[in-house]
Amino acid sequence: MKIALFSDIHANLPALEACLHSIDEQQPDAVYCLGDLVGYNIWPNEVINIIRKRGIPTIAGNYDFGIGRMSDDCGCAYKTEPEKDMGKISISYTNSIVGPKERQYLRTLPAHIRVEFQLNNDKLNLLLVHGSPRKINEYLFEDREEKSLLRIMQDADADIMCFGHTHKPYHRVLPTDAEAGSHLRHAINIGSVGKPKDGEPKGCYVMLTINENSSVLEKGSIQVDFIRFSYDVEKAAKAVEDSPLPNEYAEMLRKAF
């Protein structure tokens, strides 16, 4: 089974359209969205309605959670006062343009999606979250201590855990213990469609392949492919500059930081 997973669109319509075109070319068996449809650009309603029209199962990101409740807090961890000030403008602007039906949709998105596979009499749990199973806006960066990441996955009973929020893709395979044949857990950050922060302006999504022989005991039996796609970055950046949003968000799109 081929499963396409994408996240963190952040109202970037050109990026979403290019992402879905790329996904369609891959012809996956299932598609999931891990949240943060809105914020930082001018097309929150258009993005929401494309996801709804396609019937893509979607979980709430921290930005979706806040805008769905018309909150002035998106749950973002801004580090400096200028970042906080820019964030307030983005939240206020997004709240001012999101429609009532779109807001209602955001308000009812689930916190996570769990998919349980039965393969060769073995159970394989796939857990989809936005930040972490513990908190919608918890950042799980690639340098997270192995013991901490393992504990989070074990507590959530997740063999494969896919998440976003940091906008920086990675795949880590974590052994439950040091013994040969130990239970392996896969932590997969699927990156960002519309606001990459890893220095590569191209959008990113993941194609996860699970087959009849996939096992928690064999590292290579679960395939994870990061797919980068081009989109009209300048169109998205100009849309920011022509809006009340801070121009700094346009440069973030151009330089992916």
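Enquirer: Mind showing me how you'd approach the layout of surface pockets here?
Expert: Once rolled over the atoms, a probe with the size of a water molecule shows which space is left empty. Of the pockets and cavities examined, the largest pocket occupies roughly 560 Å³. Elements that contribute at least two residues to the lining of the largest pocket include exactly α3 (62-68), α4 (81-97) and α8 (248-255). Its residues placed into classes, the lining of the largest pocket shows 11 nonpolar, five polar and six charged.

Enquirer: Explain the nonpolar core to me, please; I cannot follow it from the model alone.
Expert: If you look at soluble globular proteins, the nonpolar side chains tend to sit buried side by side. Counting 46 residues, the largest nonpolar core has F6, I9, L37, I51, Y205 and Y231 as its most contacted members. Looking at which element gives the most residues to this core, the answer is helix α1 (residues 13-26), with seven residues. With residues near it in sequence (within four places) discarded, Y205 still touches L5, F6, C19, S22, I23, Q26, I190, D225, F226, I227 and F229. Membership of the second largest hydrophobic core comes to 23 residues, among which are I59, L119, I160 and V224.

Enquirer: Mind showing me how you'd approach the environment of I89 here?
Expert: Relative to the elements of secondary structure, I89 occurs in helix α4. Of the residues examined, I89 reaches a relative accessible area of 38% and is grouped as partly exposed. Along the chain, I89 and P133 lie 44 residues apart, while their C-alpha atoms are 29 Å from each other. Sequence-distant contacts of I89, defined by excluding residues within four places in its chain, comprise P244, L245 and P246.

Enquirer: Help me understand the packing of aromatic side chains, please; the structure alone is not making it clear to me.
Expert: For any two aromatic rings, the description comes down to two numbers: the centre-to-centre distance and the angle of the planes. One pass over the structure, following the stated rule, counts five aromatic pairs. Judged by centre distance (5.0 Å) and plane angle (70 degrees), the rings of Y40 and Y249 are edge-to-face. Linking Y40 in the loop between β2 (30-33) and α2 (44-54) with Y249 in helix α8, this pair joins segments that are 209 residues apart in sequence. When its relative accessible area of 10% is taken as the criterion, Y40 is described as buried. On the basis of an interplanar angle of 70 degrees and a centroid distance of 5.9 Å, the ring pair of F163 and Y170 is categorised as edge-to-face.

Enquirer: Would you explain empty space enclosed by the protein in this entry?
Expert: Overall, the coordinates contain two cavities of 30 Å³ or more when judged by the stated rule. Its boundaries defined by the atoms lining it, the largest cavity holds a volume of some 40 Å³. As for the largest cavity, its lining consists of H10, N12, Y40, N41, G194, K195, Y249 and L253. Partitioning the lining of the largest cavity into residue classes produces three nonpolar, four polar and one charged. Counted as a void, the second largest cavity has a volume near 30 Å³. Around the second largest cavity sit L119, D122, K123, L124, S214, S215 and V216, which together line it. Sorting elements by how many residues they give to the lining of the second largest cavity places strand β4 (residues 122-128) first, with three residues. Grouping the constituent residues of the lining of the second largest cavity by class yields three nonpolar, two polar and two charged.

The rules behind each value
Residues numbered from 1 in each chain as written. Predicted model: local features only at pLDDT ≥ 70, side-chain atom pairs only at ≥ 80, totals over all residues. Heavy atoms only, no water. 1 Å grid on protein atoms, 1.4 Å probe; cavity = no way out; pocket = protein on both sides within 12 Å on 5 of 7 lines; lining within 4 Å. Points joined across faces, edges and corners; volume = space filled by probe spheres on them. Helix = DSSP H or I, 4+ residues; strand = E, 2+ residues; numbered from the N terminus. Nonpolar A, V, L, I, M, F, W, Y, C, P; charged D, E, K, R; others polar. Core = buried A, V, L, I, M, F, W, Y, C linked by side-chain atoms within 4.5 Å. Buried < 20%, exposed > 50% of the residue type's maximum accessible area, 1.4 Å probe, protein only. Contact = heavy atoms within 4.5 Å. Phe/Tyr/Trp six-rings, centres within 6.5 Å; stacked < 30°, edge-to-face > 60°.

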